[in-house]
Amino acid sequence: MKLNWRSQTGRARLYQVLAVGLVALLVGWLVNNTLVNMEARGIQSGFDFLFQSAGFFIGESPIPYDSDNPYWMAFLVGLLNTVRVAVVGIVLCTLLGTLIGIGRVSNNALARGLCTAYTEAFRNVPVLLQLLMWYILMVEWMPDPETPAHLGEWVYFSKMGLQLAIPTLTDQAPFLAWSLPKWVEGEWQGGLTLTPEFFATTLGLTLYTAAFVAEVVRGGIQSVSRGQREAAMSLSLSTWQTTRLVILPQAMRVIVPPLTNQYLNLTKNSSLAVAIGYPDLVNIATTSLNQTGRAVECIAVIMAVYLFLSLLTSAIMNAYNRKVAIQER
Amino acid sequence: MSAPFVPIPPRPAPRGSQGWMAWMRQQLFGSPVDSAITVLLLAALMMFLPQFLDWAWLQAVFARNADQCQAARGLGACWGVVGEKYRLIIFGRYPFDEQWRPLVATLVMLAMLVISCIRYCWSKHLITAWVLTLLVFFGLMSGSVLGISLGLTPVASDQWGGLPLTLMLATLSIVMAFPLAILIALGRRSPMPAIRTLCITFVELVRGVPLISVLFMASFMFPLLMPSGTNPDVLLRVIVGITLFAAAYLAEIVRGGLQAIPQGQYEAAATLGLSYWQTQIRVILPQALAHVVPGIMNNFIAIFKDTSLVSIVSLYELSGSMKLAIEGDANWRPFKIEAYLFITLIYFVFCFAMSRYSLWVERQLARGHAR
């Protein structure tokens, strides 16, 4: 094929071949370096280590796990812990952020002022510092587990985290009973325990992301023109009807895409839990990395999982976005 | 003969619509629901604010005395920890006697940042000034410029820390990420499929993973990726990591601006016989970037905050040096929260200033559209 300098398509073809060639050379060089280095240092490679016994203990796990289990189980525990924080955080930050976003456009000057102060304060401080501060407050300032703050026998709050009563199935009528948390000889028994690490991570991520969600919600509400509200009022819709039937459907179109970004940020920021020792995926992967020395594989696992979570979240939110997006003929 | 027209002076507004009483009635007690919200919020404030003031000010210890702080522990804050440790927090492990150097370097850098924000100074000389500033900064910090010793004690980069490091990481990553981001954004909108695919892959890959994993990669995997024998400085590796990360996000923002430019602008430029790069640099980018100033500034703020993550891969920037300062000293270790609040304030001042500046730039640029 003859290259024609004077034709734009001809030049475009040349540029593309050059670009792809350069990238391929760069990648090849990096891979080659890695292989040479790994051989020189005697580093083994491959994912076979996933089936070896992990040999480390994980502080909290939603599924049964002990240190004899293989590495892939440890990674699974880490993934579940990450998902747990992300899901709880996304739900809570949406609720709180919506409330604060509405507060920022409220008629009430006090509510407006407080909500503005909240967003400015939480948005402008690194989330890592916030997580660390909540964790310190949690483990150093909260009451001792011997003398916890409590709501009756249902909720206990102490340095050891939050203990909640949960309903459990029993084999006797009425088949449903409350499992109440109890402090027995140095540990909590029964009920549901939220560890201080989980509590601090979720609280920190929720409060930080809520500030951004509030800005998104405020932007959405302000994007609906005044005339819409006035038109709704002239149709004698009530305030609640106006909000639900006129303002929200239009605001949602503006809100959903940036909200998706905030959810993705929250999920990715949950990796900072490693700084306070919450056993999330990054924490488990770095422990495994230090034990096995397989840096490439462990970091590949982290990246693949987060990539998958990000794509999953954006797929769900895109489906929702299609539902709220403007329906044109 | 008609009498000249004398308008009747306007009647004063009803007394009920003026003054603080009316303001309160309107803004705080407009409706029963509003009143209920106001009362609830006031009650909450009355509950927490006095407690906080009591802790942060009335019962607080301002003296640099660990025993007094111990005595007031749990009752009042110990701000003495800031007075005692501020040099270690702000300059990290930099040799104590040489700390005037990071101080001067930071001030020069800050001055340059402020100058770059003033519209009057926006010119080509700014680039020269920045190159000089960076030379001065690195010269002062390390003791030599481009291999030429300045007669100062050399200080290795693993001893740099605190605020100078935070500023340097943020500024360098932003400066390097910006041109890269523009190239990637242009590539993503290019009609050439191979280049477009490369750019999309890079952006989506990087945006899908957390920064901490990129930093882990920079600190654990980078040595493996380089030819054996070379071992690039950890600082350099981290800067490369943050730059690539920031560039992916910035590229998406720039792309948003590019999409807002109507096709007619490209056609008009083509009619004038401008080449691709002339079109982009003289016609498209100035308009596109002006559209996305808020997004770019938000990204800058995000990078500034994200530099705190390098403390996880053991570089002692502001938050890392704070931990180093407090955790190394058993006397002051119980007063971590106060030290945290101190650096929180530093971060807040920088980020808040940047967000206000972004609002100002937005207004400046909107002037062209206002009629």
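Owing to the predicted nature of the structure, the values given are computational and were not obtained by experimental measurement. (Residues numbered from 1 in each chain as written. Chains lettered and ligands numbered in written order. Predicted model: local features only at pLDDT ≥ 70, side-chain atom pairs only at ≥ 80, totals over all residues.)

Quick notes on the packing of helix H10 (residues 234–259) of chain B against helix H13 (residues 293–306) of chain B
Geometrically, a packed helix pair is captured by the angle between its two axes and the distance between the axes.
Residues and elements named next belong to chain B.
Logical step 1: Where H10 contacts H13, the two axes come as close as 10 Å, and the packing angle between them is 165°. Accordingly, the angle class assigned to the pair H10 and H13 is roughly antiparallel. Between H10 and H13 the crossing geometry is right-handed. On the side of H10, the interface is formed by Ile242, Ala246, Tyr249, Leu250, Ile253 and Gly256, while H13 contributes Gly295, Ile296, Asn299, Ile303 and Asp306.
Logical step 2: Here the contact of H10 with H13 is composed, by residue class, of 7 nonpolar, 3 polar and 1 charged. (Axes fitted to C-alpha atoms, helices over the stretch in contact; angles between N-to-C directions. Helix = DSSP H or I, 4+ residues; strand = E, 2+ residues; numbered from the N terminus. Parallel < 35°, antiparallel > 145°, perpendicular 65-115°, else oblique. Left-handed = near helix turned anticlockwise from the far one by under 90°. Contact = placed C-beta atoms within 7 Å. Nonpolar A, V, L, I, M, F, W, Y, C, P; charged D, E, K, R; others polar.)

A look at the environment of B:Val104
Residue and element names in this part refer to chain B.
Logical step 1: Considering the arrangement of structural elements, one finds Val104 in helix H5 (residues 100–117).
Logical step 2: For Val104, a count of 15 C-beta atoms within 10 Å translates into the label partly exposed.
Logical step 3: Taking the C-alpha atoms as reference, Val104 lies 8.4 Å from Phe137; in sequence the two are 33 residues apart. (Buried ≥ 20, exposed ≤ 12 C-beta atoms within 10 Å, placed from the backbone.)

Quick look at the sheet that holds strand S8 (residues 192–194) of chain A
All names here are of chain A.
Logical step 1: Sheet architecture is open: 4 strands sit in the order S1-S2-S3-S8, paired in antiparallel fashion. The sheet is open, and its two borders are formed by strand S1 (149–151) and S8, each paired with just one other strand. Strand-to-strand, the axes of this sheet are offset by a mean angle of 15°, without reference to chain direction.
Logical step 2: Bridge count for strand S3 (residues 161–164) against S8 is 3 bridges, and the pairing is antiparallel. Following the sheet pairing, Leu162 is matched in S8 by Leu194. (Pairing = 2+ DSSP bridges.)

Notes on the domain arrangement of chain A
Logical step 1: Annotation of chain A at the domain level lists domain 1 (1–41) and domain 2 (71–124 + 206–324).
Logical step 2: One C-alpha centre belongs to domain 1 of chain A, the other to domain 2 of chain A, and the line joining them spans 39 Å. (Domains from an automatic or database assignment.)

Overview of the interface of chain A and chain B
Logical step 1: Listed by partner, the interface residues are 46 residues for chain A and 40 residues for chain B.
Logical step 2: For the side of chain A that touches chain B, the secondary-structure elements that each account for two or more residues are helix H1 (8–41), helix H3 (109–123), helix H4 (127–141), helix H8 (281–292) and helix H9 (295–324) of chain A.
Logical step 3: At 13 residues, the largest contribution of residues to the side of chain A that touches chain B is made by H1(A).
Logical step 4: Tallied by class, residues from the side of chain A that touches chain B come to 34 nonpolar, 10 polar and 2 charged.

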